[in-house]
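Listed below, chain by chain, are the residues.
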Amino acid sequence: MSRRLAIVFTSIFTLFSCSAVSAQAAERVVMNSIPSEVWQENIYLIADRIDWKEYRNFDVQIGNEGALYHFPSWKSGKYGTKMFSEDLNKDRQDEIIISLDNFNDPIHLLQISSDGQNEEYKEVPVESVPEAVKRLVEMEKKGDIVTITTKKKTYKVNLKSLGFKDTSSDDSVYTHVPVDYIVEKKKLIADAVVMISTDGGGAIGNLMLIYDWNGKKYEVQSVSFEKYNRKR
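Residues numbered from 1 in each chain as written. Predicted model: local features only at pLDDT ≥ 70, side-chain atom pairs only at ≥ 80, totals over all residues. Heavy atoms only, no water.

This paragraph deals with helix α2 (residues 129-136). Buried within α2 we find Val129, Ala132, Val133 and Leu136. The arc that holds every buried residue of α2, seen down its axis, measures 100°, which confines them to one face. Exposed and facing more than 90 degrees away from the buried side of α2 are Pro130 and Lys134. The N-capping residue of α2, defined by a side-chain oxygen 3.2 Å from the backbone nitrogen of Glu131, is Ser128. (Buried < 20%, exposed > 50% of the residue type's maximum accessible area, 1.4 Å probe, protein only. Helix = DSSP H or I, 4+ residues; strand = E, 2+ residues; numbered from the N terminus. Arc of directions from axis to C-beta. Polar contact = N/O pair within 3.5 Å; in protein donor to acceptor, adjacent residues only side chain to side chain.)

And the structure:
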């Protein structure tokens, strides 16, 4: 066998071996589902399991044999995804809300779009928590006191009451990731932990950000703060 032919066979074998490894590496799994009394309305969140901590190439399937919507750019980590179905914008059509384990791209929302004859789900924009906090919240620390100001209310937190000892330095106040998304009373809510880097760092409470549809995207309309009532 000539050297050139041997190289060709070796390259072909390597190509098929890599393809086999890639095919074995990704396992198609159902990550979440929302059951319905009508099988055509069951909702499934499906993805490729790359390994024990990574999921990619997502699909949302409506019905057991229904429409399939592809989202190849979505990625999620090993911690649980969430999926909700709720009429958030009062149009008598349920939106589909998907929360992923992804710090940079955690929330996705599908809304029914109609051209008068056909209906299909389309993804619509959702304001990120960092964008909303920058727009609607001011947080600062002076001595023992952290002041959190929203559009409607000012909250003050005494760090000594939460067990912080060294509060002399001017440390930063910030929201922690990941953010927990929930749906309550037909509203999408982001629950963001507020942290401070003082005295080794720690949590001082939660910002609750409530979303609403503004005609173009889901945007945070109101923010409240809930202080921790326990010491570190």
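So much for the structure itself; the text now carries on.
All right, on to the nonpolar core then. The tendency in soluble globular proteins is for nonpolar side chains to be buried side by side. Membership of the largest hydrophobic core comes to 38 residues, with the highest contact counts inside it found for Val129, Leu188, Ile204, Leu207, Leu209 and Tyr211. Those elements that place two or more of their residues in this core are β7 (107-114), α2, β10 (145-149), β11 (154-158), β13 (180-184), β14 (187-196), β15 (202-213) and β16 (218-227). If sequence neighbours within four positions are ignored, Val129 has contacts with Val179, Tyr181, Ala190, Ala192, Leu209 and Tyr211. Core analysis: the next-biggest nonpolar cluster, separate from the first, contains 18 residues, Leu45, Tyr69, Trp74 and Leu100 among them. (Core = buried A, V, L, I, M, F, W, Y, C linked by side-chain atoms within 4.5 Å. Contact = heavy atoms within 4.5 Å.)

Moving on, we come to the sheet that holds β10. Strand order across the open sheet formed by three strands is β9-β10-β11, with antiparallel pairing between neighbours. In this open sheet, the two strands that pair with only one neighbour each are β9 (138-142) and β11. Going from strand to strand, the sheet's axes swing by 15° on average, the running direction of each strand aside. Note: β9 against β10, five bridges, orientation antiparallel. Looking at β10, one finds that Glu140 is bridged to Thr147. (Pairing = 2+ DSSP bridges. Axes fitted to C-alpha atoms, helices over the stretch in contact; angles between N-to-C directions.)

Chain-level pLDDT for the protein chain is 87 on average; 88% of the residues reach the 70-or-more range. The element-level mean pLDDT for the protein chain is lowest in helix α1 (residues 3-25), coming to 41, with strand β6 (residues 95-99) highest at 98. Across residues 1-23, where pLDDT falls below 50, the model places two contacts with residues more than four positions away in sequence or in other chains. (pLDDT = per-residue confidence, 0-100.)

A few words on the packing of aromatic side chains. Summed over the entire model, instances satisfying the criterion amount to five aromatic pairs. With centroids separated by 6.0 Å and ring planes inclined at 85°, the aromatic side chains of Tyr69 and Tyr121 adopt a geometry described as edge-to-face. One end of the pair, Tyr69, is in strand β4 (residues 68-76); the other, Tyr121, is in strand β8 (residues 119-124), and 52 residues separate them in sequence. Here Tyr69 matches Tyr121 in class, with each residue buried. With a centroid separation of 4.1 Å and 10° between ring planes, the pair formed by Phe71 and Trp74 is classed as stacked. One exposure class covers both Phe71 and Trp74, and it is buried. (Phe/Tyr/Trp six-rings, centres within 6.5 Å; stacked < 30°, edge-to-face > 60°.)

Attention now goes to the sheet that holds β7. In a beta sheet, neighbouring strands are held together by backbone hydrogen bonds and run either parallel or antiparallel to one another. If you trace the four strands from one edge of the open sheet to the other, you get β5-β6-β7-β8, paired in antiparallel fashion. Of all strands in the sheet, those bounded by a partner on one side alone are β5 (82-86) and β8. Geometrically, the sheet is characterised by an average inter-axis angle of 25° between neighbouring strands, direction not taken into account. Pairing of β5 with β6 involves five bridges; the strand directions are antiparallel. In the sheet register, Met83 faces β6, and the bridge partner there is Ile98.

Another aspect to go through is unusual backbone geometry. At the junction of Val177 and Pro178, the peptide bond is cis and its omega measures out at 5° in the coordinates. By the element assignment, Pro178 lies in the loop between β12 (173-175) and β13. Even without being glycine, Lys90 reaches a positive phi, approximately 60°. With respect to the helices and strands, the residue Lys90 is situated in the loop between β5 and β6. A positive phi angle, near 60°, is found at Lys186, a position not held by glycine. Relative to the helices and strands, Lys186 is located in the loop between β13 and β14.

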